[in-house]
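Descriptive analysis of the structure
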Amino acid sequence: MADDWVPPEVDVTKSSPARVYDYGLGGSHNFEVDRAVLDKIKEIFPATPQPAMDNRAFLRRAVRFCQERGIRQFLDLGSGVPTVGNVHEIAQQADPEARVVYVDIDPIAVAHAARILASDDRSAVLRADMRHPESVFADPQVERLLDFDEPIAVLMVAMAHYLSDEDDPVRILDSYRAVMRPGSYLVFSHMTDEDYPEDLRRTAEIFNADTTERMILRGRAEIERLLDGFDLVEPGLVYPALWRPDGPLAEEHDPSRAAFFAGVGSPRA
């Protein structure tokens, strides 16, 4: 693995969610420690990396859905390492004027995104913690590209399960909801142990053993409580593959094996 894309402050002995997810999507910006985590998880939960794949496909469909309803600006929280089919590519393919701000805490995700976006003046990336919405809103890149007087899509895909109860995820979601004008949307997914409690709890133990961010698994009822401030569009909170699919699913595709619930909602006044 080349060293030129690795920021000096990165601890390559610890896995990170962004890099593990990148490996699950078939990306190349990950280390042996990240690959080892996902390989161990696959031994327990053989559907891996279906969760990452189903979430990425959901993200693409949700971005298109938002654009069809007039959204032209996107705030992607916990965006991860950019791979093919990222938000700015999807959005700007439909509308070259679409504006995207990526936010991530992982230095590799941010460094790689900055390279990709260097020539794109309608997209930007900032290294920040989504747990602190005020610092996100105050960032000059956000102020330059996003107009909170207009509808916006806030993306929190495969991220809220890194918010502990002590982080107060309801407060965090409320803070983002507070800047979303009518016509805005939240694109959301959260890992769950609802259907495979034993297997998923074991995978969480492996993931959390030596990582930069700990995963918190929640059931459907807990996830629904996080979304109390939003009215979900049809079909509501479902497995990612079942959220407005482009066509029939392959016969062998079991949507529940994604171990995620996903949905898109509009902020409740």
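Cut-offs applied
Residues numbered from 1 in each chain as written. Predicted model: local features only at pLDDT ≥ 70, side-chain atom pairs only at ≥ 80, totals over all residues. Heavy atoms only, no water. Buried < 20%, exposed > 50% of the residue type's maximum accessible area, 1.4 Å probe, protein only. Helix = DSSP H or I, 4+ residues; strand = E, 2+ residues; numbered from the N terminus. Pairing = 2+ DSSP bridges. Salt bridge = Lys/Arg side-chain N within 4 Å of Asp/Glu carboxyl O. Axes fitted to C-alpha atoms, helices over the stretch in contact; angles between N-to-C directions. Contact = heavy atoms within 4.5 Å.

As annotated in an unreviewed UniProt entry, the protein carries the name S-adenosyl methyltransferase and comes from Saccharopolyspora antimicrobica.

1. Observations concerning the pairing of strand β7 (residues 260-267)
Burial within β7 is extensive, with seven of its eight residues counted as buried. Relative to β7, strand β6 (residues 230-232) runs antiparallel, the two being bridged by three bridges. Counterpart to Leu232 in the pairing with β7 is Gly265.

2. Considerations on the pattern of salt bridges
For the coordinates displayed, the defined rule picks out 16 salt bridges. In this structure, Arg64 engages Asp246 in a salt bridge whose closest nitrogen and oxygen atoms are separated by 3.1 Å. A residue pair is termed long-range when its members are at least 10 positions apart, and Arg64 in helix α3 (residues 50-68) and Asp246 in the loop between β6 and β7 qualify at 182 residues. A relative accessible area of 33% places Arg64 in the partly exposed class. Arg177 is the salt-bridge partner of Asp174, the closest N and O atoms lying 3.2 Å from each other. Note that Asp174 and Arg177 are positioned in helix α8 (residues 169-177) at a spacing of three residues, about one turn of the helix. Through salt bridges with shared partners, one network takes in Asp129, Arg131, Asp167 and Glu213.

3. A word on the sheet that holds strand β5 (residues 185-191)
The strand order across the open sheet formed by seven strands is β3-β2-β1-β4-β5-β7-β6, and the pairing between neighbours is mixed. Where the open sheet ends on each side, the last strands, each with one partner, are β3 (123-127) and β6. Taken over all neighbouring pairs, the strand axes of this sheet differ in orientation by 20° on average, direction set aside. Across the sheet, helix α5 (residues 107-116) touches β2 (99-104) and β3, and the angle it forms with β3 is around 155°. Sheet strands touched by α8: β1 (73-77), β4 (153-156), β5, β6 and β7. Its angle to β4, the strand with the most contacts, is close to 160°.

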